[in-house]
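Architecture and fold: a report
Okay, here's what each chain looks like letter by letter:
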Amino acid sequence: ENSHTSRHLAEFWMIEPEIAFANLDDDMNLAEDYLKFCTKFVLEHCSKDVDFFASFKQDDGSKNSNLRERLENVVSSPFV
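Rules behind the numbers
- Every chain is numbered independently, its residues counted from 1 as its sequence is written.
- In keeping with the model being predicted, local features are shown solely for residues with a pLDDT of at least 70 and side-chain atom pairs are shown and tallied solely at 80 or more, while totals for entire chains, interfaces and linings include all residues.
- The side-chain figures draw on all heavy atoms in the structure; neither hydrogens nor water molecules are used.
- Only runs of H or I of at least four residues qualify as helices and only runs of E of at least two qualify as strands under DSSP, and these elements are numbered from the N terminus.
- Two residues qualify as a contact provided that any one of their heavy atoms is within 4.5 Å of a heavy atom in the partner residue.
- In this description, accessible areas are obtained by the Shrake-Rupley approach with a 1.4 Å probe, and a residue is regarded as covered only by the protein chains that are shown.
- To obtain an axis, a line is fitted to C-alpha atoms, over the contacting stretch when the element is a helix, and the angle between two such axes runs from 0 to 180 degrees between their N-to-C directions.
- Small angles under 35 degrees read as roughly parallel and large ones over 145 as roughly antiparallel, with 65 to 115 read as roughly perpendicular and the rest as oblique.
- Left-handed describes a crossing whose near helix is turned anticlockwise from the far helix by less than a right angle; the clockwise case is right-handed.
- Following the grouping adopted for this structure description, the nonpolar residues are Ala, Val, Leu, Ile, Met, Phe, Trp, Tyr, Cys and Pro, the charged ones are Asp, Glu, Lys and Arg, and the polar ones are all others, Gly among them.

1. Quick notes on the overall build of the chain
- Per the secondary structure count, the chain includes three helices and zero strands.
- N-terminal to C-terminal, the α/β element order of the chain is α-α-α.
- Across the chain, the fraction of contacts at a sequence separation of at least 24, relative to all contacts at a separation of at least 6, is 40%.
- Only carbon and sulfur atoms are counted for the fraction: they give 56% of the accessible area of the chain, which is about 7400 Å².

2. Section: the packing of helix α1 (residues 24–45) against helix α3 (residues 67–76)
- For the pair α1 and α3, the least separation of the axes is 8 Å and the interaxial angle reads 140 degrees. As judged from the angle between their axes, α1 and α3 are oblique. You can see that α1 and α3 cross each other, and the crossing is left-handed. Touching K36, T39, K40 and L43 of α1 are R68, L71, E72, V74 and V75, all from α3.
- Here the residues of the contact of α1 with α3 are counted per class, giving four nonpolar, one polar and four charged.

So, in structure tokens, the structure goes:
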């Protein structure tokens, strides 16, 4: 299949954790922990990028100035 079109991703990465004997709750907890880890890493190591994305305008024309706060909320709050 031709993947050099505007409808295809240029690159695809996948996480396939090896967690034997895990149930659905274990899977969900692992996914939550991983997402929080990645978000915290971005906040700590990619501050300029977060500021760059925060400068984009939202659909209503306002700035996305609370982006950092929302990402911090992802890290600090339980998903469920």
